[in-house]
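Residue strings, one per chain:
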Amino acid sequence: MYSYIRRSGVLALSLILSVLLSSCSKPEEQVLTLRMAHTLDQEHVVHKAMVKLAERLDHYSHGTMKIRIYSGGQLGSERELIELLQIGALALTKVSAAPLEGFAPNMQLFSVPYVFRDEAQLWQVLEGEIGQQLLDELAPVRLKGLGYYDAGSRSFYTTNKKITTPADLVGQKFRVPNSQTAVQMVQTLGGAATPVDWGELYTALQQGVVDGAENNPPSFYLSRHYELSKYYVLDEHTAVPDVILMSQHIWNTLTSEQQGWLEQAFADSVAWQREAWQAQTRDALAKVKAAGVEVIYPDKQPFIDAVQPLHQALKDTPVGALMAKIAALPPVTAPPATVTPVTAPAGAVPATQEPSHE
């Protein structure tokens with residue numbers, strides 16, 4: 001604990017000093033630089049979306065506002081980055097919604113399996129009243145939620161055992177993010193859940209600390225976990241978006257015009273990222289298949305049935321109330337053209353076989 005506090009203190013001090021030094025130029029030459037950090041590889045489409053965000057902010061502000069991005073966990077884990085935002089030592093970060101439930105409990109909604117009918121409904125929620133409510137609930141913990149990036153659907157992958165039904169999870173140890181709801185999900189399905197930091201997961205798979213994990217296709221590929229995992233079952237149990245956060249303190253120092261530039265730049269990056277996500281998902285699946293991973297398209301109904309006790313346990317909670325609102329939403333009649341759920345292609349063969357045309 002002492003080493004963590006010391007490291008966070010050093011990071012915060014260095015970032016604050018950097019901000020002060022960058023503001024020592026002549027007034028007519030001043031440029032506001034916002035520091036942004038995340039834990040992803042630079043080849044990840046979400047990192048590229050943040051680069052797009054920086055480009056658009058530079059455009060709208062006529063060069064007076066810039067974003068400097070620190071990738072690959074250079075400044076700490078997702079939780080550490082959130083805490084740097086809270087003290088105003090970092091301006092922006094990208095985190096999965098899963099660890100945010102420790103700061104805003106209703107964020108656990110996204111870690112509950114099979115809440116959304118499809119991807120169109122997910123975005124109906126994210127871009128609607130519920131999505132905004134969840135972002136607003138971050139304000140009391142000194143965080144400003146700018147919005148969401150697409151992170152697809154999460155599915156299980158394993159090093160040795162093929163998963164086609166929930167019964168196959170029994171006796172298997174799965175890595176989950178730092179989310180109590182994710183732990184409960186795996187346990188409800190019959191597996192053993194082990195929280196492991198994302199940066200340590202490759203070694204945990206390699207050494208047999210865990211038998212598998214769960215994530216979206218681009219993350220499965222870019223993390224190189226496919227090198228250790230023989231099977232990837234597209235059960236698509238949860239849709240956990242990425243959230244772009246800003247320090248509430250730093251947000252409050254911006255003028256209304258600067259805030260507007262930042263919000264418009266983010267909106268542009270979301271439009272770009274949603275389309276790019278679909279392309280990278282297809283590319284990732286093709287590459288892991290080419291590398292020898294068996295991609296399985298299971299019957300999802302047994303998985304949906306198996307998690308109903310978890311749904312029932314949440315019925316009389318605030319998250320349960322949100323789930324009821326989502327279930328009552330009318331179907332989206334015209335999904336955006338960029339929405340392409342990762343489901344079994346037309347003519348897919350049973351879960352134990354690879355589609356013959358792919």
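For every chain, the first residue of the written sequence is number 1, and numbering continues from 1 onward in sequence order. Reporting of local features is limited, given that this is a predicted model, to residues whose pLDDT is at least 70; pairs of side-chain atoms are given and counted only at 80 or more, and all residues count toward the totals for whole chains, interfaces and linings. Computation of side-chain values covers all heavy atoms of the structure but excludes hydrogens and water.

(A) Main features of the sheet that holds strand β2 (residues 65–70). Two strands qualify as a pair provided that DSSP identifies no fewer than 2 bridges between them. We count a stretch as a helix when DSSP gives it H or I for four or more residues in a row; a strand needs E for two or more, and each element gets its number in order from the N terminus. With mixed pairing, 5 strands are arranged side by side in an open sheet as β2-β1-β3-β10-β4. Either end of the sheet is taken by a strand with one partner, and the two such strands are β2 and β4 (143–149). The average undirected angle you get between the axes of adjacent strands in this sheet is 25 degrees. Relative to strand β10 (residues 242–247), strand β3 (residues 92–96) runs antiparallel, the two being bridged by 5 bridges. The residue of β10 that forms the bridge with Val95 is Val243. Two residues qualify as a contact provided that any one of their heavy atoms is within 4.5 Å of a heavy atom in the partner residue. Helix axes are fitted only over the stretch in contact, all axes being lines through C-alpha atoms; the angle between N-to-C directions runs from 0 to 180 degrees. Packing against the sheet, helix α5 (residues 129–136) makes contact with β4 and β10, and its axis sits at approximately 145 degrees to β4.

(B) Quick look at the packing of α5 against helix α13 (residues 318–327). The N-to-C vectors of α5 and α13 enclose an angle of 155 degrees; their axes lie 11 Å apart at closest approach. Classified by the angle between their axes, α5 and α13 sit roughly antiparallel to one another. Contact residues: Glu129, Ile130, Gln133 and Leu134 in α5; Leu322, Lys325 and Ile326 in α13. Three classes are used, and their members are as follows: Ala, Val, Leu, Ile, Met, Phe, Trp, Tyr, Cys and Pro are nonpolar, Asp, Glu, Lys and Arg are charged, and the others, Gly among them, are polar. Considered class by class, the residues forming the contact of α5 with α13 number 4 nonpolar, 1 polar and 2 charged. Working definition: roughly parallel below 35 degrees, roughly antiparallel above 145 degrees, roughly perpendicular at 65 to 115 degrees, and oblique for all remaining angles.

(C) Just the packing of aromatic side chains, in detail. Each Phe, Tyr or Trp ring (for Trp, its six-membered ring) is paired with any other whose centre lies within 6.5 Å, and the angle between the two planes then decides the class: stacked below 30 degrees, edge-to-face above 60, tilted in between. Applying the stated rule across the entire model yields 8 aromatic pairs. With a centroid separation of 5.3 Å and an interplanar angle of 20 degrees, the aromatic rings of Tyr221 and Tyr226 are classed as stacked. Linked through ring pairs, Phe110, Phe116 and Tyr148 together constitute an aromatic cluster. A ring is considered to have a charge above it if a Lys NZ or an Arg CZ atom is located within 6 Å of its centre and within 35 degrees of its normal. Between Lys144 and the ring centre of Trp251, over which it is positioned, the NZ or CZ distance is 4.7 Å. Geometry around Trp123 places Arg274 over its ring, the cationic atom sitting 4.0 Å from the centre.

(D) Quick peek at the nonpolar core. We define the nonpolar core as a collection of buried residues of types Ala, Val, Leu, Ile, Met, Phe, Trp, Tyr and Cys that are connected through side-chain atoms lying within 4.5 Å of one another. Classification of residues uses two cut-offs on accessible area relative to the type maximum, computed with a 1.4 Å probe and protein chains only: under 20% is buried, over 50% is exposed, and between them is partly exposed. Within the largest apolar cluster, 59 residues are counted, with the highest numbers of intra-cluster contacts made by Leu100, Met107, Leu109, Phe110 and Leu245. Take this core: its biggest share by element is 5 residues, from helix α6 (residues 180–189). If near-sequence neighbours (up to four positions away) are discounted, Met107 is found in contact with Ala97, Leu100, Glu101, Leu134, Leu135, Leu138 and Tyr148. Counting residues in each nonpolar core, the second largest holds 28 residues, with Met50, Leu53, Ile67 and Ala276 among its members.

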